[in-house]
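Residue strings, one per chain:
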Protein chains: 2
Amino acid sequence: MALMSSVSAGQLAEQKKELDAQYRAVQAQGLKLDMSRGKPSAEQLDLSMGMMDCLTSKDLLQTAAGEDARNYGLLEGIPEARQLFADLLGLKPSEIFVGGNSSLNLMYDTVARAMQFGTCQGEAPWNRQGKLKFLCPVPGYDRHFAVTETFGIEMINIPMTENGPDMDMVEKLVSSDPSVKGIWCVPKYSNPDGITYSDETVRRFAALKPAARDFRIFWDNAYCIHDLTDTPDTLLNIMDECKKLGSEDMVYIFASTSKISFSGAGVAVMGMSEKNLAWAKKFLSMQTIGFDKINQLRHVRFFGSAEGMKAHMAKHKALIQPRFELVLNMLEKELGGLGIASWTRPNGGYFFSLNVLPGCAKRVVSLCKEAGVTLTGAGASFPYGVDPEDTNIRIAPTYPSMEDLEKAAEILCLCVKLAAVEKLLQEQAA
Amino acid sequence: MALMSSVSAGQLAEQKKELDAQYRAVQAQGLKLDMSRGKPSAEQLDLSMGMMDCLTSKDLLQTAAGEDARNYGLLEGIPEARQLFADLLGLKPSEIFVGGNSSLNLMYDTVARAMQFGTCQGEAPWNRQGKLKFLCPVPGYDRHFAVTETFGIEMINIPMTENGPDMDMVEKLVSSDPSVKGIWCVPKYSNPDGITYSDETVRRFAALKPAARDFRIFWDNAYCIHDLTDTPDTLLNIMDECKKLGSEDMVYIFASTSKISFSGAGVAVMGMSEKNLAWAKKFLSMQTIGFDKINQLRHVRFFGSAEGMKAHMAKHKALIQPRFELVLNMLEKELGGLGIASWTRPNGGYFFSLNVLPGCAKRVVSLCKEAGVTLTGAGASFPYGVDPEDTNIRIAPTYPSMEDLEKAAEILCLCVKLAAVEKLLQEQAA
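A brief structural summary.

The rules behind these values
- Residues numbered from 1 in each chain as written.
- Chains lettered and ligands numbered in written order.
- Predicted model: local features only at pLDDT ≥ 70, side-chain atom pairs only at ≥ 80, totals over all residues.
- Heavy atoms only, no water.
- Helix = DSSP H or I, 4+ residues; strand = E, 2+ residues; numbered from the N terminus.
- Rg over C-alpha atoms; globule rule 2.2 N^0.38 Å.
- Buried < 20%, exposed > 50% of the residue type's maximum accessible area, 1.4 Å probe, protein only.
- Areas by Shrake-Rupley, 256 points an atom, 1.4 Å probe, with all protein chains shown as cover.
- Lys, Arg positive; Asp, Glu negative; His and termini not counted.
- Charge placed at Lys NZ, Arg CZ, Asp CG, Glu CD.
- Phe/Tyr/Trp six-rings, centres within 6.5 Å; stacked < 30°, edge-to-face > 60°.
- Lys NZ or Arg CZ within 6 Å of the ring centre and 35° of its normal.
- Contact = heavy atoms within 4.5 Å.
- Pairing = 2+ DSSP bridges.
- Right-handed = clockwise from strand over helix to strand, strands pointing away.
- Least-squares fit on C-alpha atoms with pLDDT ≥ 70 in both.
- Axes fitted to C-alpha atoms, helices over the stretch in contact; angles between N-to-C directions.
- Buried area = accessible area lost by both parts, 1.4 Å probe.
- Salt bridge = Lys/Arg side-chain N within 4 Å of Asp/Glu carboxyl O.
- Polar contact = N/O pair within 3.5 Å; in protein donor to acceptor, adjacent residues only side chain to side chain.
- Nonpolar A, V, L, I, M, F, W, Y, C, P; charged D, E, K, R; others polar.
- Core = buried A, V, L, I, M, F, W, Y, C linked by side-chain atoms within 4.5 Å.

Once that is clear, we can look at the overall build of chain A. Within chain A, the secondary structure is distributed over 13 helices and 13 strands. Over its C-alpha atoms chain A spans a radius of gyration of 23 Å, differing by no more than 12% from the 22 Å that the globule rule assigns to 430 residues. Across its three principal directions, the C-alpha atoms of chain A cover 75 × 55 × 35 Å. In chain A, buried positions account for 62% of the 430 residues. For chain A, the computed accessible surface area is about 15,500 Å², with 51% contributed by carbon and sulfur atoms. Here chain A carries 45 positive and 52 negative side-chain charges, and the mean point of each set is 4 Å from the other.

Tallied over the full model, the rule gives 34 aromatic pairs over all chains. Summarising the aromatic geometry, the rings of Y197 of chain B and W219 of chain B are spaced 5.6 Å apart at their centres and angled 85° between planes, so their arrangement reads as edge-to-face. Of this pair, Y197 of chain B sits in the loop between β6 (180-185) and α7 (199-206) while W219 of chain B sits in strand β7 (residues 216-220); the two residues are 22 residues apart in sequence, bridging distant segments of the chain. In terms of burial, Y197 of chain B and W219 of chain B fall into one category: buried. Taken together, the aromatic side chains of W126, F134, W184, F218, Y252 and F254 of chain A make up a single cluster linked through ring pairs. Here the basic side chain of K39 of chain B rests over the ring of Y399 of chain B, its NZ or CZ set 4.6 Å away from the ring centre.

What follows concerns helix α3 (residues 79-89) of chain B. Working note: α-helix, 3.6 residues per turn, so residues spaced by three or four point in the same direction. Residue and element names in this part refer to chain B. Among the 11 residues in α3, 8 count as buried, and that is most of the element. Looking only at α3, the buried set comprises E80, A81, R82, L84, F85, A86, L88 and L89. Here the buried face of α3 lies against β2 (96-98), β8 (251-256), β9 (268-271), α9 (274-287), α10 (293-303) and α11 (306-335). A positive phi of about 70° marks G90, the residue just after α3.

Residue and element names in this part refer to chain B. The buried fraction of β8 amounts to 6 of the 6 residues, a majority that puts the element mostly inside the structure. What you see with β8 is no split at all: V251, I253 and A255 on one side and Y252, F254 and S256 on the other are buried throughout. Pairing between β7 and β8: 4 bridges, direction parallel. Each bridged residue has a counterpart across the sheet, and for F218 the counterpart in β8 is Y252. Viewed along the sheet, the connection from β7 through helix α8 (residues 238-245) into β8 turns out right-handed. Of the pairings in the sheet, the one linking β8 to β9 comprises 4 bridges and is antiparallel in character. Bridge assignment links F254 to a residue of β9, and that residue is M270.

On to the relation of the copies chain B and chain A, then. With an RMSD of 0.0 Å, the fit of chain B onto chain A corresponds to turning through 180° and sliding 0.0 Å along the axis. As the rotation angle and translation indicate, the two copies are arranged about a two-fold axis. Both copies present the same face, since 100% of the interface residues in chain B are matched by interface residues at the equivalent positions in chain A.

All names here are of chain B. Strand order across the open sheet formed by 8 strands is β2-β9-β8-β7-β6-β3-β4-β5, with mixed pairing between neighbours. Of all the strands in the sheet, the pair left with one neighbour each is β2 and β5 (164-165). Bridge analysis of strand β3 (residues 133-138) against strand β4 (residues 154-161) gives 6 bridges, and the strand direction is parallel. Bridging across to β4, K133 finds its partner in E154. Sheet strands touched by helix α5 (residues 142-150): β3, β4, β6 and β7. Its angle to β6, the strand with the most contacts, is close to 160°.

Bringing the pairing of β4 of chain B into the picture now. All names here are of chain B. With α5 bridging β3 and the parallel β4, this β-α-β connection has right-handed handedness. In the sheet, β4 pairs with β5 via 2 bridges, with the strands oriented antiparallel. Bridging from a neighbouring strand, T161 pairs with G164 of β5. The antiparallel hairpin formed by β4 and β5 contains 2 residues in its connecting segment.

To continue, consider the interface of chain B and chain A. With 55 residues of chain B at the interface, the matching set in chain A holds 55 residues. Summed over both sides, the interface between chain B and chain A buries roughly 4,600 Å², with carbon and sulfur atoms accounting for 53% of that surface. In this structure, R70 of chain B and D46 of chain A form a salt bridge, with 2.7 Å as the shortest nitrogen-oxygen distance. Connecting chain B to chain A are 24 residue pairs in polar contact (both at pLDDT 80 or more). By residue number, the principal contributor to the side of chain B that touches chain A is helix α4 (residues 103-117) of chain B, which donates 7 residues. Taken together, the residues of the side of chain B that touches chain A break down into 25 nonpolar, 18 polar and 12 charged.

Right, let's talk about the nonpolar core for a bit. Side chains of nonpolar character tend, in soluble globular proteins, to be buried together. Membership of the largest hydrophobic core comes to 122 residues, with the highest contact counts inside it found for F205, I217 and W219 of chain A together with F205, I217 and W219 of chain B. The residues contacting I217 of chain B, other than those within four sequence positions of it, are I183, C185, F205, L208, I238, M250, V251 and Y252 of chain B.

From the geometry alone we can't say anything about function, so treat these as descriptive.
Printed below as a string of structure tokens:
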């Protein structure tokens, strides 16, 4: 198919007429489809139902060391869960804190703790340091941005490249501005692009020389073992790189089993230097006597080991990969070569980015909505919900059935074309 | 037995000699007993093991309304859990937020939220209001005081009476001082006295006219159904009383199943006016996508109803009551009539207070420790760990076995006597 932008005004008008007719026909079907949310499907959740049977009333709910998982205690998590996640993340068990069911909550608490009490660096609490800033690689995860906005921290967009955030910009801002206190990273299969940071990017992160001694990298390794293809990405271990340079207090690592076991009842984990962890525990020990250790034990028994978790992920892959393929193939078929859209094709994670013509993302989302297909709101992947180019749409193919997904993807392609024709006609008229 | 204080110096010296000999004999046994912690015993935890079987891989993990408990969503908890706790606490389901496993965490978060963001009253965040104060009925719960201390809030001791906190003092401070932002209450079977607030006390709380519009009562109803005797206390519903007076935004209610199901894997809950809850949810929705709904469902299935929870507590009572009886009877037998100690005899809860001669609590705890019996540290039940009279010892009889408890109680009585004789001898010498 030809580049749409090289088509004459008359041909465009003709195309629009045809697309309008198709659109009206779709609208008449009264569909209700949802491609907005990074949620596992029911079939994915079914994969972990065995977890419901691995601790019964016949089992001794004790750790290997004999601690009763049913009672109070063990703030930092049961030793075998700390070991499991240490193996998964390439950390020492003493660097692991196993929390409740939400890594977002651990991240929120970590920001809240720094705001109220500061960090182990001994600087003043962030609340008392005036105007603060966080760097936000964009497009990124809306809930990260929501946390920073809630605490009144100014967010600075950092463009993503195929190797991760623009490190020239990161280095410049971090090293020159002491009000820059943090950066949000989803280093593997980033939300929404699905980009994995290159080895060089990770090394440059570890080598940052922040102007603020209490600057922290929030390394949300949400998709650490969430591969989609047979050529998975690999991510360099940032803690190892930091240790080589003595910068290990600069990074907070987060992960969870929300997209491994159950999204609503998984186990979340923080990884950090022992110095950072001692500081965090000082306040966590005021906050709670401990998190749910029975659920930690349930996860340990079900998965057995980090290898067991990885093996389990192959089952998720089998369910998710066809959904990604379906949507990506549809995009290729319908939009390939038109010059009106581009998209990422990640090796893992839960999303990919669809980039439409500048100024068209909101229009596409709105057209889809009117045709019965809910997408993530345009701009959601940007601080303050503002995509400066209005070009990025986050596509989340995991939750709908294959049948729904096919219909939704068709309509999406139609709406991308329609928005493009509208825009090109406007441009030619101007 | 005679009042020890009416005994002559010579007789006291004689008694001391005898008690010293007994003490040395106990020390020689090299015991290691622990009466320090308000933990359920393993037998109590065994009562809830059926909970491990009520959700299996064969069960549909859905709410009655068809929401998948395994997936993301339902920040405020599953509807049936909200109903269960509403029934338990005499609130509306719309006034209930079901959280993770820790009510302490909900309390900490509630204080943290007010510090950082303020309350629904629209006043400035507590962090920006200068020096703040909380009223602390004493003796009270050490972890409440630890939270306030962590946030740098000044604590003011309020003496407990047999009807609850000294309300004349509470009313005076709350109505006159806008820097008084809160009060910690364990209104039923208070920690550690085991006192239940009288109807009049509850009504006076509801009728408070705070100088600070953002003053809040932290009503930690931790022992709401934790009866020990056949003549249980009843607590007036503070929310009902507040609603009569239009003061329902003044109270935050907390409870959990930590001492009903599993201490490490229960379900915690907040109850508050819809206005307060909407405010809290505004920030909680930034903090997490939701708490563990499978565990909420597990609790709903296991207990069935609030009545089911109450019936379950009768089994706890059967295990705990003999432990309380044993220690209390030992105190009566060994210390009754001596005039050197008094104690509360609560109808429920997890503790009672042993009050020894002024200036002797630390000495008793230290003597016990040297003889192999760990008690809660003297002063722990007071803000900053300081019992002004050094008289109060928190006794926690639930965790040890009956055999251990008997030995521990004997040694406790011996140490109370020894510390008293030491003190009386000193006084006579002075």
